[in-house]
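# Inside the fold
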Amino acid sequence: MKEENMRIGVYPGSFDPLTNGHLDIIKRASKLFDKLIVGVLRNSAKNSIFTMEERVALINKTLSVDPELHNVEVIMFEGLLVDFVKNSGASTIVRGLRAVSDYEYELQMAMLNKHMCEDIDTIFFMTDIKNSFLSSSIIKDVAKNGGSILGLVPEVIVEDIRNKMSE
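Everything in this summary refers to the structure shown in the same document. (Residues numbered from 1 in each chain as written. Predicted model: local features only at pLDDT ≥ 70, side-chain atom pairs only at ≥ 80, totals over all residues. Heavy atoms only, no water.)

Turning next to the sheet that holds strand 2 (residues 35-41). Strands sit in the order 3-2-1-4-5 across an open sheet of 5 strands; the sheet is parallel. The strands lining the two open edges of the sheet, one partner per strand, are strand 3 (72-77) and strand 5 (121-126). If you compare each strand with its neighbour and ignore which way they point, the axes differ by 30° on average. Where strand 2 meets strand 3, 6 bridges bridge the pair, whose relative direction is parallel. Within strand 3, the position partnered with Val38 by the bridge is Val74. Strand contacts of helix 2 (residues 52-64): strand 2 and strand 3, with the helix running at about 175° to strand 3, the strand carrying the most contacts. (Pairing = 2+ DSSP bridges. Helix = DSSP H or I, 4+ residues; strand = E, 2+ residues; numbered from the N terminus. Axes fitted to C-alpha atoms, helices over the stretch in contact; angles between N-to-C directions. Contact = heavy atoms within 4.5 Å.)

In structure tokens form, the structure reads like this:
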């Protein structure tokens, strides 16, 4: 299929690190698009533990063990999300929601993005109930303090996260 005829979505985030909640959204969103781009952004408002390259590597490592995710590509970006989406040939932003507080922030961002580019839509995925408490911050805190992150992040990257947090 030619790229101009493809349905392309972008799931942006810092993914510092990738959680099972993120992976659930990736899996579900990948079924709606011919191509799903996981956009790993440099967020100057957050103090990342993992470099952008490490985050991309962790996501790619996770994707490599699931053949159903063959249509998912991971790309780093900086700057405005709408510019990244347009430059990627996409027309849809994918976002996950855990709670009402997420919705309020995400609605603001969706409206701002729509204001900046009318051709870009945002779709929201409600988190699976089993992941509703997960965040990258929680994962980092648990791992840093020696707790088990098994079942909270993709199993294939558990050791990578533990090793990074023990540095």
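Summed over the entire model, instances satisfying the criterion amount to 3 aromatic pairs. Measuring from ring centre to ring centre gives 5.3 Å for Tyr11 and Phe15, while their planes differ by 75°; the resulting arrangement is edge-to-face. Their ring planes at 10° and their centres at 4.2 Å tell us that Phe77 and Phe84 sit as a pair that is stacked. (Phe/Tyr/Trp six-rings, centres within 6.5 Å; stacked < 30°, edge-to-face > 60°.)

A word on the nonpolar core. One recurring pattern in soluble globular proteins: nonpolar side chains tend to sit buried together. Ile26, Leu36, Val38, Ile59, Val94 and Ile161 are the most contacted members of the largest nonpolar core, which totals 31 residues. Counting residues in each nonpolar core, the second largest holds 13 residues, with Ile37, Phe77, Val85 and Ile120 among its members. (Core = buried A, V, L, I, M, F, W, Y, C linked by side-chain atoms within 4.5 Å. Buried < 20%, exposed > 50% of the residue type's maximum accessible area, 1.4 Å probe, protein only.)

Moving on, we come to the layout of surface pockets. Roughly 1100 Å³ of internal volume is contained in the largest pocket. What lines the largest pocket is a set of 44 residues, among which Pro12, Gly13, Lys46, Arg95 and Glu106 lie closest to the centre. Elements supplying a minimum of two residues to the lining of the largest pocket: strand 1 (8-13), helix 1 (20-30), strand 4 (92-97), helix 4 (100-116), strand 5 and helix 5 (136-144). A per-element tally of the lining of the largest pocket places helix 4 first, with 9 residues. Its residues assigned to classes, the lining of the largest pocket shows 17 nonpolar, 18 polar and 9 charged. (1 Å grid on protein atoms, 1.4 Å probe; cavity = no way out; pocket = protein on both sides within 12 Å on 5 of 7 lines; lining within 4 Å. Points joined across faces, edges and corners; volume = space filled by probe spheres on them. Nonpolar A, V, L, I, M, F, W, Y, C, P; charged D, E, K, R; others polar.)

Keep in mind these values describe shape, not function.
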